[in-house]
Amino acid sequence: MREALKDKKRIVFKIGSSTLTHEETGALDLVKMEKFVRILTDLHNQGKEIVLVSSGAIAVGRKALSLTERPTDRAVKQACAAVGQSRLMMVYQKLFSEYNQYTAQILMTKVTIANDKSRHNAQNTFRELLNMGVIPIVNENDTVATDEIDFGDNDYLSAIVSAIVQADLLVLLSDIDGLYTDDPNKNPEAELLSYVEHITDEMLGMAKGPATDIGTGGMMSKVEAAGIANDAGADMVILNGSDMENINRLFAGEQIGTLFREHRTRHFHLKNYLDR
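Notes on the structure in this doc start here. (Residues numbered from 1 in each chain as written. Predicted model: local features only at pLDDT ≥ 70, side-chain atom pairs only at ≥ 80, totals over all residues. Heavy atoms only, no water.)

A short note on the overall build of the protein chain
The condition is simple: A run of DSSP states H or I qualifies as a helix once it reaches four residues; a run of E qualifies as a strand once it reaches two. Both are numbered from the N-terminal end. In this description the radius of gyration comes from C-alpha coordinates, and the expected globular size is given by 2.2 Å times residues to the power 0.38. Each residue is placed in one exposure class: buried if its accessible area under a 1.4 Å probe, protein chains only, is under 20% of its type's maximum, exposed if it is over 50%, and partly exposed if it falls in between. Residue burial considers only the protein chains on display, and all accessible areas are found by Shrake-Rupley using a 1.4 Å probe. Only four residue types enter the charge count: Lys and Arg as positive, Asp and Glu as negative, with His and the chain ends excluded. By convention, the point assigned to a charge is CZ for Arg, NZ for Lys, CD for Glu and CG for Asp.
Each helix and strand counted, the protein chain has 10 helices and 10 strands in total. Here the protein chain has a C-alpha radius of gyration of 17 Å; the compact-globule value for 276 residues is 19 Å, and the two agree. Projected onto its principal axes, the C-alpha positions of the protein chain cover 45 × 45 × 40 Å. By the burial criterion, 53% of the 276 residues in the protein chain qualify as buried. Accessible area of the protein chain: about 13000 Å², with a carbon and sulfur share of 47%. Taking the 30 positively charged and 39 negatively charged side chains of the protein chain as two groups, their mean positions are separated by 5 Å.

Shown next, in the form of structure tokens:
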């Protein structure tokens, strides 16, 4: 099954804010981003279709505006996102252009999915971009989202995007090696689960919340994302993004991270997954 991952054609990568930034300062880790972009471009050069769901807009905006604490007020978060999204895309565009790779920005809210017309339009846009060899870079449209229509975290968004584009594989780059039987930061006896056939209530109980003040999603959101992606017909892997070479190791067939096996649900419909 690990060997089969190298044959996946359409792959969604999700990278979180804590993986994109330096823990000490909250500023972008440009060395890590450059390597990440280079690896994605190389995968694309191998004939794979790549979609990137990237967090980081609020974190980048917060750093640019010299806010020392993570904002909690909705208006402040949206202001940070408005400043940070353009800066983040500028960095991505510069890095990808070094390898002659075109990118496109797509910002989404739940309304995009809930409305049949906008959802089909989004599917058509993704399809055409992938056909043109473009790598779409997706984020939540934080500047206009409200409590009622936001996704909440990009783990969830990446699973939704995987379903929209009918991806073969979703890779969540995290700051942890995968799903453990307990929090490995607190329990040295915690064991890494390398393979999950079906998500159980016990596994949901293992999941913990966010570990930093940069990211918004914890292990619970990743397990929930796996449920959506697997139901939509995509395998999902939680992979430690502290070392970007882990991506190459994954596609070399190494047993790394946690693999959640797809089990396509009959009559799958995204609307059934919006109430969370």
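A few points about the packing of aromatic side chains
Stated formally: Two rings from Phe, Tyr or Trp (for Trp, the six-membered ring) form a pair when their centres are within 6.5 Å of each other. A pair whose planes differ by under 30 degrees is stacked, one over 60 is edge-to-face, and the rest are tilted.
Using the criterion set out here, one finds four aromatic pairs in the structure. On the basis of an interplanar angle of 55 degrees and a centroid distance of 6.4 Å, the ring pair of Phe-13 and Phe-251 is categorised as tilted. Of this pair, Phe-13 sits in strand E1 (residues 10-15) while Phe-251 sits in helix H10 (residues 245-251), and the two are 238 residues apart along the sequence.

Comments concerning the nonpolar core
The test is simple: Buried Ala, Val, Leu, Ile, Met, Phe, Trp, Tyr and Cys residues that are joined via side-chain atoms within 4.5 Å together make up what is termed a nonpolar core. We call two residues contacting when some pair of their heavy atoms lies within 4.5 Å.
Membership of the largest hydrophobic core comes to 46 residues, with the highest contact counts inside it found for Met-108, Phe-126, Val-138 and Val-161. With eight residues, helix H7 (residues 154-165) is the largest single contributor of residues to this core. Filtering out sequence-adjacent residues up to four positions away, Val-138 remains in contact with Val-51, Leu-52, Val-53, Ser-54, Ile-106, Met-108, Phe-126, Leu-157 and Val-161. One finds Leu-52, Tyr-92, Val-171 and Leu-173 within the second-largest nonpolar core, a separate group that totals 34 residues.

As for the environment of Leu-270
Along the polypeptide, Leu-270 turns up in the segment after strand E10 (258-260). Sequence spacing of Leu-270 and Ile-113 is 157 residues, and the spatial spacing of their C-alpha atoms is 7.2 Å.

Structural notes on the side chain of Arg-10
Condition: Here a polar contact is recorded for every N or O atom pair within 3.5 Å, except that within protein the pair must consist of a potential hydrogen donor and a potential acceptor, and residues adjacent in sequence are included only if both atoms are side-chain atoms.
Summarising the element assignment, Arg-10 is placed in strand E1. Residue classification places Arg-10 among the buried positions, given a relative accessible area of 18%. Here the side chain of Arg-10 touches Val-165 through a polar contact of 2.7 Å, landing on its backbone oxygen. Residues in contact with Arg-10, not counting those within four places in the same chain, are Glu-49, Leu-130, Val-165, Gln-166, Ala-167, Asp-168 and Leu-169.

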